Each structure stands twice: as structure tokens, then as C-alpha cells.
Amino acid sequence: MCDDDDRMVAIRLFATRKRTKRMLKKRPPKDIWLDEGLKILEDHGPSALTIDNLIQRTGKTKGSFYHHFKNRNEYVEALLNYFEMKGTIQILHEVDKESEQAARIRTLTRLVFQNSSKLELVIRSWSLYEPVVKKFQDRIDQKRLDHLNSIYARSNAAAASQPKMTALKNYAIYIGLQQLKHLYSEKKLKELIKGVFT
């Protein structure tokens, strides 16, 4: 027979599981499919992004997948749009809350480097041989460049005289730092980022 301590541990464990299940249920089912797809992309690349892998990883049924997506192509399009929403649109929305240029640049730098550079690299690599992904990557690059340009165009600093060139240069540096991230410790990378963008 369990003593009181064992009973309390069992009760807490049961309550924690119930809370976790409730939290998972609150997430829209479509988001579960999309979040898992981003994890598969990041960990294993686009070749592992199969319906069978998604079903196995989510614990959901094939019927559930087809309830939300007509086929894999529609899923890939939804996944790329979801990635854009999380990795670009939400960030730009937060940046736009700042009124001063310096604060906008600081917020942008902080938020974009919280994105998974590995996932960004996987999608950029995928775009080299998949036309749908290339179209998406071109759109997202243009959206990011336009936003940077708008930040520099509002500035009274020297960057404002050539906002498009400054935006292009800094975006290219951002992409380059993603490629080199594995060479630096987290602390050193933050120092480099601070030196480049602030």
C-alpha cells in the first residue's frame, strides 16, 4: 500500500498530465501539424516531410491530415505560410510597435536571431531546387528587405541617404551570420551581432 507521500506524487502527476492535455487541446489541430512539420524540416530536411512521418510524429490519423490539407502540396504551402507568419510577419509587427529607429533595429535584431537559423538555412537550401519554395523564399526576402528599407528611410542618420543599399547590406550580413553561426559560441555571436547591427 502507498504511503501519503506516494499518493501526493501520484495526484500531482495526474493533475500535471490533465493540464498538459488541456493545453494541447487548446492549440488548433492544424497548428499541431504545422509545428511538427517545421520540426521535421529543421531536424531531417524536406525529404523527411512525408505524410507518414507527420502521422507518426503527431500521433494523429491520416484522416485528420486530409481533413486539414487536400494533399502534401497544399500542406507544404500552408507550412511555408505558417513559417512566414511566425518567422517574419509577427516579428515585423513587434518591430513596428517601436517609434524610434534605434529601438526598432534593436528589437528586430533581438527577435530575428531568436529564429532557428538551421530552419532558415534548410528552407533556403530547399528553395534552390523546389520552385514553390523558391517563390516563397523570394517573397519573404523581399518583404524583409522592404521592411528594413522603411526603417532606414525614416532615419536622419547617414543610412537614410541610401536606405535600400543599407537594408541590402545588413540583410546579406544576417544571412551570412546564419551560415557561420556554428563557428561561434552563443556569447561571441551576440557580440558580433551587436557590433554589426547596433
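Reading the values: rules and limits
- Residues numbered from 1 in each chain as written.
- Predicted model: local features only at pLDDT ≥ 70, side-chain atom pairs only at ≥ 80, totals over all residues.
- Heavy atoms only, no water.
- Helix = DSSP H or I, 4+ residues; strand = E, 2+ residues; numbered from the N terminus.
- Buried < 20%, exposed > 50% of the residue type's maximum accessible area, 1.4 Å probe, protein only.
- Contact = heavy atoms within 4.5 Å.
- Areas by Shrake-Rupley, 256 points an atom, 1.4 Å probe, with all protein chains shown as cover.
- Salt bridge = Lys/Arg side-chain N within 4 Å of Asp/Glu carboxyl O.
- Core = buried A, V, L, I, M, F, W, Y, C linked by side-chain atoms within 4.5 Å.
- Axes fitted to C-alpha atoms, helices over the stretch in contact; angles between N-to-C directions.
- Parallel < 35°, antiparallel > 145°, perpendicular 65-115°, else oblique.
- Left-handed = near helix turned anticlockwise from the far one by under 90°.
- Nonpolar A, V, L, I, M, F, W, Y, C, P; charged D, E, K, R; others polar.
- Polar contact = N/O pair within 3.5 Å; in protein donor to acceptor, adjacent residues only side chain to side chain.

Turning next to the overall build of the chain. From N to C terminus, the chain includes ten helices and zero strands. If you list the helices and strands of the chain from N to C, you get α-α-α-α-α-α-α-α-α-α. Burial statistics for the chain: of 198 residues in total, 39% are counted as buried. Taking contacts inside the chain between residues at least 6 apart in sequence as the whole, the part at least 24 apart equals 59%. Accessible area of the chain: about 12,700 Å², with a carbon and sulfur share of 56%.

You can see R144 is positioned in helix α8 (residues 131-153). Excluding residues within four positions of it along the chain, R144 makes contact with G87, T88, N115, E120, Y171 and Y174.

The next point concerns the pattern of salt bridges. Here the structure, examined in full by the defined rule, presents eleven salt bridges. The residue K39 makes a salt bridge to E36 at a minimum N-O spacing of 4.0 Å. Of this pair, K39 and E36 both sit in helix α2 (residues 29-44), separated by three residues, roughly a single helical turn. K39 sits in the partly exposed class, given a relative accessible area of 43%. Note on E36: relative accessible area 12%, which makes it buried. With its nearest N and O atoms 2.4 Å apart, the salt bridge here joins E84 to R139. You can see E84 sitting in helix α5 (residues 72-95) and its partner R139 sitting in helix α8, a full 55 residues away along the chain. Its relative accessible area of 3% is what places E84 among the buried residues.

So, about the nonpolar core. Within the largest apolar cluster, 26 residues are counted, with the highest numbers of intra-cluster contacts made by L41, L49, Y75 and I123. Listing elements by their share of this core, those giving two or more residues are α2, α3 (51-58), α5, α7 (117-126) and α8. Sorting elements by how many residues they give to this core places α5 first, with seven residues.

Relative orientation and spacing of two packed helices are given, respectively, by the angle between their axes and the distance between those axes. Where α5 meets α7, the closest approach of the two axes is 13 Å, and the angle between their N-to-C directions is 135°. Classed by the angle they form, the pair α5 and α7 counts as oblique. For the element pair α5 and α7, the recorded crossing hand is left-handed. Contacts between α5 and α7 involve R72, V76, L80 and F83 from the first element and L119, E120, I123 and W126 from the second. Of the residues belonging to the contact of α5 with α7, the class tally is six nonpolar, no polar and two charged.

Another aspect to go through is the packing of α7 against α8. The contact between α7 and α8 brings their axes to 8 Å, and the two run at 125°. On the basis of the axis angle, α7 is oblique to α8. Residues E120, I123, R124 and W126 of α7 lie in contact with α8, whose contacting residues are V133, F136, Q137, D141 and R144. When grouped by side-chain class, the residues that make up the contact of α7 with α8 number four nonpolar, one polar and four charged.

This part covers the environment of T58. Assignment of secondary structure puts T58 in helix α3. Taking relative accessible area as the criterion, T58 reaches 18% and is therefore assigned buried. Remark: the alpha-carbon pair of T58 and P29, spanning 29 residues in sequence, is separated by 10.0 Å. Engagement of the side chain of T58 in a polar contact is seen with the backbone oxygen of L54, the distance being 2.8 Å. At 3.5 Å, the side chain of T58 forms a polar contact with the backbone oxygen of I55.

In this section: the side chain of T58. Reaching out from T58, the side chain makes a polar contact with the backbone nitrogen of K60 at a distance of 3.2 Å. Contact partners of T58, with chain neighbours within four places excluded, come to I32, W33 and E36.

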